Amino acid sequence: MNMEKRILITGTSGFVGNKLLKTVKGAIAAPSIRNASKEEIKRVIEESDADVIIHTAAISDVGTCESDPDASFYANVQIPLYIAKASQNRKLICFSSDQVYTGCNEEGPYLEKDAKPANVYAKHKLEMEERVLDILPSAVMLRAEWMYDMDSYKGNYLLNLLHAEKTVSFSSSQYRGVTYLKEVAENMEKVIALPGGVYNFGSETTESMYEITKKFTQILGKDICVQDAPPRHNLWMNCSKAKQYGIGFSDVLSGLFRCVKDYGLYTG
């Protein structure tokens, strides 16, 4: 990363923001902007003297957004709009979500144009993308997948598997990428250089969640039963647009394998 850049990161108490704060050179933490006003947001950005803003703060729990859509709108749409208005002449990167594909009925993998949200959180993320880009066309919207790492205070795909004792269930009809958070951080320099727009962002797969889980538990030598669950919606992304700009991830299974090796959980 260019050492001359100051990179303001929101949501640094969260899973993604905290990792980026620790690993991205030039990163500084924004104070909490939960329920912040337009004026407060403007002051935070101006006082930071940042060249780049990476916005990770959000209400990302789908159930919470369904039960309180007003809170979801303010956190997931209004706050990013305030940031965009205050970020003129700065590079803005906003984390969106693969949830924007929840309403897609086609098999996939999906391109950026295929978004069809089917829950409050996903609808607000798509609205955020569109309205922020209207204000700031140079902004980058990252449709991030379900991310994992060992260093997390709450469950993710990897930790859920490691803590499973008898059985886990995933559908052989569901295709979805899951992404090693370390690889997200490693790609941020190239993300900052991206032209404005929306990008699918993460590990790709040609195998179902059921197939990946069976293979990964075998790699770990974990004696649990992997059951085939009923069909679920796909959140299956084609990330070729980002690849054109040199952004690369391991495929899903290779990324999981890399993570457990990094943390010494696999030495074979």
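S.K.: I keep staring at the packing of helix H9 (residues 209-220) against helix H11 (residues 252-262) and nothing clicks. Help me out?
M.R.: For any two helices packed against each other, one specifies the inter-axial angle together with the distance between the axes. In the contact formed by H9 and H11, the axes pass within 10 Å of each other and the chain directions differ by 25 degrees. Taken as axis vectors, H9 and H11 run roughly parallel relative to one another. Two packed elements cross with a definite hand, and for H9 against H11 that hand is right-handed. Between H9, through Ile212, Lys215, Phe216, Ile219 and Leu220, and H11, the contact on the second element is made entirely by Val252, Leu253, Leu256, Phe257 and Val260. Counted by class, the contact of H9 with H11 contains nine nonpolar, no polar and one charged residues.

S.K.: When you look at unusual backbone geometry in this model, what are you seeing that I'm missing?
M.R.: Peptide bonds are mostly trans, and most non-glycine residues show a negative phi. Following Gly108, the chain continues to Pro109 via a peptide bond in cis, the omega torsion being 5 degrees. Structurally, Pro109 can be placed in the loop between strand E4 (91-97) and helix H5 (120-135). Located in the positive-phi region is Asn89, a residue other than glycine, with phi close to 70 degrees. Relative to the elements of secondary structure, Asn89 occurs in the loop between helix H4 (69-86) and E4.

S.K.: Please explain the pairing of strand E5 (residues 140-144) as it appears in this structure.
M.R.: Consecutive residues of a regular strand have side chains that alternate between opposite faces of the sheet. Most of E5 is tucked away: five of the five residues are buried. Of the two faces of E5, both are covered, the one formed by Val140, Leu142 and Ala144 as well as the one formed by Met141 and Arg143. With respect to chirality, the unit in which E4 leads through H5 into the neighbouring parallel E5 is right-handed.

S.K.: Please clarify how the packing of aromatic side chains should be interpreted in this entry.
M.R.: Each aromatic ring pair is described using two quantities: the centre-to-centre distance and the angle formed by the ring planes. Taken as a whole and assessed by the stated rule, the structure comprises nine aromatic pairs. Taking 6.3 Å as the distance between ring centres and 75 degrees as the angle between the ring planes, the aromatic pair formed by Tyr74 and Tyr82 counts as edge-to-face. Look at Tyr74 and you get partly exposed, because its relative accessible area is 26%. Look at Tyr82 and you get buried, because its relative accessible area is 16%. Look at Trp146 and Tyr157: their rings are 6.0 Å apart centre to centre, the planes differ by 75 degrees, and that puts the pair in the edge-to-face class. Residue Trp146 is found in strand E6 (residues 146-148), and its partner Tyr157 is found in helix H6 (residues 157-163); the two are separated by eleven residues along the sequence. A network of ring pairs unites the aromatic residues Phe95, Phe201 and Phe249 as a single cluster. Positioned above the aromatic ring of Tyr199 is the side chain of Lys241, whose terminal nitrogen or guanidinium carbon lies 4.6 Å from the ring centre.

S.K.: I tried to follow the nonpolar core on my own but got confused; where do I start?
M.R.: Note on soluble globular proteins: their nonpolar side chains tend to be buried together. Counting 27 residues, the largest nonpolar core has Leu20, Ile54, Ile93, Phe95, Met188 and Val191 as the members making the most contacts within it. Excluding anything up to four places from it in sequence, Val191 contacts Ile93, Val140, Leu142, Phe201 and Ile247. Core analysis: the next-biggest nonpolar cluster, separate from the first, contains 25 residues, Ala30, Ile33, Ala36 and Ile83 among them.

S.K.: Explain the packing of H4 against H5 here, please?
M.R.: Where H4 contacts H5, the two axes come as close as 9 Å, and the packing angle between them is 15 degrees. Classified by the angle between their axes, H4 and H5 sit roughly parallel to one another. In this structure, the crossing between H4 and H5 has a hand that is right-handed. Of the residues in H5, those touching H4 at Pro69, Ser72, Phe73, Asn76, Val77, Pro80, Leu81, Ala84 and Lys85 are Val120, Tyr121, His124, Lys125, Glu127, Met128, Arg131, Val132 and Ile135. Class assignment of the residues belonging to the contact of H4 with H5 gives a composition of eleven nonpolar, three polar and four charged.

S.K.: I tried to follow the pattern of salt bridges on my own but got confused; where do I start?
M.R.: As a working rule, side chains carrying opposite charge can pair if their charged atoms are close by. A full pass over the atoms with the stated rule returns 13 salt bridges. Notably, a salt bridge pairs Glu127 with Arg131, separated by 2.9 Å at the nearest N-O pair. With Glu127 and Arg131 both in helix H5, this residue pair falls four residues apart, about one helical turn. A relative accessible area of 26% places Glu127 in the partly exposed class. You can call Arg131 partly exposed: its relative accessible area is 35%. The structure contains a network of salt bridges with shared partners spanning Lys182, Glu183, Glu186, Arg258 and Asp262.

Here is what the cut-offs are and how they apply
- Residues numbered from 1 in each chain as written.
- Predicted model: local features only at pLDDT ≥ 70, side-chain atom pairs only at ≥ 80, totals over all residues.
- Heavy atoms only, no water.
- Axes fitted to C-alpha atoms, helices over the stretch in contact; angles between N-to-C directions.
- Helix = DSSP H or I, 4+ residues; strand = E, 2+ residues; numbered from the N terminus.
- Parallel < 35°, antiparallel > 145°, perpendicular 65-115°, else oblique.
- Left-handed = near helix turned anticlockwise from the far one by under 90°.
- Contact = heavy atoms within 4.5 Å.
- Nonpolar A, V, L, I, M, F, W, Y, C, P; charged D, E, K, R; others polar.
- Buried < 20%, exposed > 50% of the residue type's maximum accessible area, 1.4 Å probe, protein only.
- Right-handed = clockwise from strand over helix to strand, strands pointing away.
- Phe/Tyr/Trp six-rings, centres within 6.5 Å; stacked < 30°, edge-to-face > 60°.
- Lys NZ or Arg CZ within 6 Å of the ring centre and 35° of its normal.
- Core = buried A, V, L, I, M, F, W, Y, C linked by side-chain atoms within 4.5 Å.
- Salt bridge = Lys/Arg side-chain N within 4 Å of Asp/Glu carboxyl O.

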